[in-house]
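Fold and contact review
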Amino acid sequence: MPAARYLVAILVAGAAGCGNGGDPGGAIDVDAKPVARDAYAKPIGAAADPGYARADDAYRHRLIETFTSITPENAMKWAVVHPAEGRFEFDDADALVDFARRTGKRVRGHPLVWDVQLPEWLTERDWRPAQLRRVLARHIRALVHRYRGRVDEWDVVNEPLADDGGFAKNVWFRTLGPAYVAYAFRVARRADPSARLFINEIDAETGRKSLAYLRLVVELKRRGVPIDGVGFQNHTTGKDAAGPARLRALFTAVGRLGLAGAITEMDVGATEEGRQARVYRDAAEACAAAANCTGLTVWGVTDRFSWLEPQSRALPFDEGGEPKPALRALVEPLRRR
Ligand code: G3I
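The shown structure was predicted, so the numbers you read here are calculated from the model rather than taken from an experiment.

Within the structure shown, the criterion is met by 24 salt bridges. With its nearest N and O atoms 2.7 Å apart, the salt bridge here joins E332 to R328. When its relative accessible area of 29% is taken as the criterion, E332 is described as partly exposed. Because the salt bridges share partners, they merge into one network encompassing R106, R108, E153, D155 and R196.

Before going further, it helps to examine the state of the cysteines. Following the criterion strictly, the structure yields one disulfide and no others. Residue C287 pairs covalently with C293 via a disulfide, S to S 2.1 Å. Because the sign of the S-S torsion sets the handedness, a value of about -85 degrees for the bond joining C287 and C293 places this disulfide among the left-handed ones. The buried category is assigned to C293, whose relative accessible area is 3%.

Right, let's get into the packing of helix α7 (residues 129-146) against helix α9 (residues 179-191). Taken N-terminus to C-terminus, the directions of α7 and α9 make an angle of 35 degrees; their axes are 9 Å apart at the nearest point. Handedness of the α7/α9 crossing: right-handed. Contacts between α7 and α9 involve R133, L136, A137, I140, R141, V144 and H145 from the first element and Y183, A184, V187, A188 and A191 from the second. The class makeup of the residues in the contact of α7 with α9 is nine nonpolar, one polar and two charged.

This brings us to the environment of T294. Structurally, T294 is set in strand β9 (residues 293-298). Overall, the relative accessible area of 13% leaves T294 in the buried class. If near-sequence neighbours (up to four positions away) are discounted, T294 is found in contact with P43, R106, E153, R196, F198, A260, G261 and A262.

Along the chain, T103 turns up in the loop between α5 (91-102) and β3 (106-109). On the basis of relative accessible area, T103 is assigned to the buried category, the value being 4%. Look past the residues within four positions of T103 in its chain and what remains in contact with it is V30, P34, V35 and I64.

Moving on to the site of the ligand. Taken together, 17 residues are adjacent to the ligand, and E73, K77, Q117, E159 and E265 come closest. Within the side chain of H110, one N or O atom sits 2.7 Å away from an oxygen atom of the ligand. Q233 places a polar side-chain atom, nitrogen or oxygen, 3.1 Å from a nitrogen atom of the ligand. Protein contact buries 67% of the 790 Å² of open area that the ligand shows by itself.

Once that is clear, we can look at the nonpolar core. W154, W172 and I199 are the most contacted members of the largest nonpolar core, which has 104 residues in total. Residue contacts for W172: discarding those within four places in its chain leaves W78, V113, W114, D115, L118, L122, L132, L136, G177 and Y180.

Here we come to the environment of R275. Mapped onto the elements of the fold, R275 is located in helix α12 (residues 273-289). R275 sits in the partly exposed class, given a relative accessible area of 31%. For the pair R275 and P325, spaced 50 residues apart in sequence, the C-alpha separation works out to 9.6 Å. With residues up to four places along the chain from it excluded, the contact list for R275 reads G238 and A241.

With that settled, the discussion passes to the confidence of the model for the protein. Considering every residue of the protein, the mean pLDDT works out to 94; 93% of them sit at 70 or more. Within the model, pLDDT remains below 50 along residues 1-23, and this stretch shows 29 contacts once partners closer than five positions in the same chain are excluded.

Our focus in this paragraph is the pairing of strand β2 (residues 69-72). Of the two faces of β2, the one carrying S69 and T71 and the one carrying I70 and P72 are both buried. As paired elements, strand β1 (residues 44-48) and β2 share four bridges and run parallel to each other. By the bridge assignment for β2, A47 is matched with T71. Across two bridges, β2 lies against β3 in parallel orientation. Looking across to β3, one finds that I70 is bridged to V107.

Conventions and cut-offs
Residues numbered from 1 in each chain as written. Predicted model: local features only at pLDDT ≥ 70, side-chain atom pairs only at ≥ 80, totals over all residues. Heavy atoms only, no water. Salt bridge = Lys/Arg side-chain N within 4 Å of Asp/Glu carboxyl O. Buried < 20%, exposed > 50% of the residue type's maximum accessible area, 1.4 Å probe, protein only. Disulfide = S-S within 2.5 Å. Axes fitted to C-alpha atoms, helices over the stretch in contact; angles between N-to-C directions. Helix = DSSP H or I, 4+ residues; strand = E, 2+ residues; numbered from the N terminus. Left-handed = near helix turned anticlockwise from the far one by under 90°. Contact = heavy atoms within 4.5 Å. Nonpolar A, V, L, I, M, F, W, Y, C, P; charged D, E, K, R; others polar. Near = heavy atom within 4 Å. Polar contact = N/O pair within 3.5 Å; in protein donor to acceptor, adjacent residues only side chain to side chain. Areas by Shrake-Rupley, 256 points an atom, 1.4 Å probe, with all protein chains shown as cover. Core = buried A, V, L, I, M, F, W, Y, C linked by side-chain atoms within 4.5 Å. pLDDT = per-residue confidence, 0-100. Pairing = 2+ DSSP bridges.

Next comes the structure, spelled out in structure tokens:
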């Protein structure tokens, strides 16, 4: 379980007397040579967690040396930054954004609106629409203002769709209807006119949900919603992976709408290393070939701290931080010649 591993990481940090003297907060050490910010033709990112980065040397070193972009894995989620109504706690998010600045990395903010890891004060109350809209706007403004100029790309709305392609019946949809999506984008745009604003979806690379996702994006564009990009998470396996032609078609489809695309949360579980490397290479090549691809992010750094079980071995670095064939496959197509 991710939560169990998080606790292990904290214990490891305490036992090892890590760079912060056992203090779970504070700055993340930069004790390796950061990869050049322009090493790749497009940013190659990783989801990062400040607790893991402080506690585990291999995790931190690979993060510093390999990736040119960071997405906070959990540090910007509602339950973390907005634990009580109107009270914000930015320690973890600040630590990551500051670490990104000191190591020359881009930041993708994630997520402004989602229905997971919400605080109880939000989920355990019946909201009137006007009240919930105010709460939502206040939250979006607080984050986007704070990181203006430091977060290049925001996942404004994360996973709005259910598996069947309809809207997820979450607190936002139940209270505000589908209009919550457009509202969130409008508030975010006003809060930072220069950040690129993305929608982001899981399991939307192929099949019925993929079509529903593209239809939703078409509709948002038609209504003049200020959206700049479309995220394809690409959590996948050796068996279910979208092939290269499909990935290229997705970038082309959103490009025709005048939008950017990105692979935002990739991992490739439950397969052998050769096949895994092929799947990573297909995605990296698709991103490299698409003028509108703004980057490829993997969801974690080493298998030890993947949100999936370590035995899924879904990431380009193994549990000890050793590179797998997937790393070369990911980096080669995007490396500047
Ligand atoms: O940090 C708390 C800790 O204080 C608490 O004691 C413990 C008790 O459960 O929970 C800890 O938080 C957990 C957190 O991970 C850190 O480990 C949450 O319960 C747990 O729900 C959370 O899981 C995250 C999940 O999103 C839900 O937010 C995963 O790490 C994270 O990898 C995963 O990422 C999502 C993307 O944001 C969106 N797309 C899918 C992707 C994978 O599910």
